[in-house]
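Residue strings, one per chain:
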Number of protein chains: 2
Amino acid sequence: MKSDSPSQESATHSPRLTRHQQAVFDGLHQQAAALSAQELYSLLRQRQAIGLATVYRALETLKLHGLIKSRMGANGEALYSPVVSDQHYLTCLQCGQSFPLDHCPIQELENHLQPSVPFKIYYHTLEFFGLCTPCADTKGT
Amino acid sequence: MKSDSPSQESATHSPRLTRHQQAVFDGLHQQAAALSAQELYSLLRQRQAIGLATVYRALETLKLHGLIKSRMGANGEALYSPVVSDQHYLTCLQCGQSFPLDHCPIQELENHLQPSVPFKIYYHTLEFFGLCTPCADTKGT
DNA sequence: AGATATAATGAGAATGATAATCATTCGCTC
DNA sequence: GAGCGAATGATTATCATTCTCATTATATCT
Ligand SMILES: [Mn+2]
Ligand SMILES: [Mn+2]
Ligand SMILES: [Zn+2]
Ligand SMILES: [Zn+2]
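Rules and cut-offs
- Residues numbered from 1 in each chain as written.
- Chains lettered and ligands numbered in written order.
- Predicted model: local features only at pLDDT ≥ 70, side-chain atom pairs only at ≥ 80, totals over all residues.
- Heavy atoms only, no water.
- UniProt positions renumbered as here; feature names shortened; annotations may be inferred.
- Pairing = 2+ DSSP bridges.
- Helix = DSSP H or I, 4+ residues; strand = E, 2+ residues; numbered from the N terminus.
- Contact = heavy atoms within 4.5 Å.
- Axes fitted to C-alpha atoms, helices over the stretch in contact; angles between N-to-C directions.
- Near = heavy atom within 4 Å.
- Polar contact = N/O pair within 3.5 Å; in protein donor to acceptor, adjacent residues only side chain to side chain.
- Nonpolar A, V, L, I, M, F, W, Y, C, P; charged D, E, K, R; others polar.

- Labelled according to an unreviewed UniProt entry, chain A appears under the name Transcriptional repressor, originating from Oscillatoriales cyanobacterium SpSt-418.
- Here is the UniProt Sequence similarities (unreviewed entry) comment for chain A, exactly as written: "Belongs to the Fur family."

Okay, here's the thing in structure tokens:
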């Protein structure tokens, strides 16, 4: 069986995906956390032949179609995740750790905002930055 | 006159800044839009001697102190801006243009969230992605 | 002030993620 | 199955960011 494919889907009616683009898309969906292009490349490599350039190109394509989004990781590399995973984080400026929020605090807000702007919103990014408790304590020594 | 210095200040009581760190801080405040490290370097260079490494280190330091924030630019480089400028954008996935929101829609939400998490929030990032009207029209051809 | 310890700076080299090349292969239509 | 544009992949080129280390500024103490 070929089985599961997170059925490339979203608000945006995007063109058919190629086999490799679909693999990249699926790879992101199989992971809980966001992945860098390099990590995704290693992951996919274990199951099939695919070039690094193709991974980067697929990510770019998927992003243009509004199927995936990216955020800047602590080490400067881009971290990709499916748009459907509406997940946000509190990220510590000191240690770089990210703590997930238990739910999106602006889903409703987006719905209110949409009709008031001449722009078709596909998704949003939201992240809070500051100090985690351990780091905050170490601060005031 | 030496004049204006955006009086390094914020919710976070940060250590004194060095002359160059202050220059970087001021440089960002003099610009309307967010700047990349390289752009900022060129800008500062016109007025004073400063090394590229110093600019990067200053940005890192200021970021740790919660005085500035960064977002990932369209071309992959980090764009820095003062934390005090609480500005958000609608960014088009197609043409890359960013349309500023007239006000921050979650300032109040952040205040509500803060007491419920074991984390000292300095600031947040929020951005909407999708298609601007022109691009959305061109789409359904 | 002079001596000393510590942090900041800068020129340049090293790193590493991402983009560009270009020859080859794939997917489709006729 | 020939024709053709899009996709792929091995490789190289870019270029933002980090690292090294010698030099210099700043703070502290006598
Ligand atoms: Mn959300
Ligand atoms: Mn805001
Ligand atoms: Zn921390
Ligand atoms: Zn557009």
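There's more to say after this.
### A short note on the sheet that holds strand β3 (residues 78-82) of chain A
Residue and element names in this part refer to chain A.
Here comes step 1: Here 3 strands make up an open sheet; going across it, the order is β1-β3-β2 and the pairing antiparallel. Each edge of the open sheet carries a strand with a single partner, namely β1 (35-36) and β2 (68-72).
Here comes step 2: Of the pairings in the sheet, the one linking β2 to β3 comprises 5 bridges and is antiparallel in character. Counted as the bridge partner of Ile68 is Pro82 from β3.
Here comes step 3: Here helix α1 (residues 19-30) sits on the sheet and contacts β1, β2 and β3; the angle it forms with β3, its principal contact strand, is near 90°.

### What about the protein's contact with DNA strand C?
Here comes step 1: Near DNA strand C lie 16 residues; those nearest to it are A:Tyr56, B:Thr18, B:Gly51, B:Thr54 and B:Arg57.
Here comes step 2: By atom count, sugar and phosphate contribute 65% of the portion of DNA strand C lying within 4 Å of the protein.
Here comes step 3: Here a phosphate oxygen of DNA strand C and a backbone polar atom of A:Ala78 are 3.2 Å apart.
Here comes step 4: Residue B:Ala49 places a main-chain N or O atom 3.5 Å away from a phosphate oxygen belonging to DNA strand C.
Here comes step 5: If one sorts the elements of the surface near DNA strand C by residue count, helix α3 (residues 52-64) of chain A sits on top with 4 residues.
Here comes step 6: Looking at side-chain class alone, the surface near DNA strand C contains 8 nonpolar, 5 polar and 3 charged residues.

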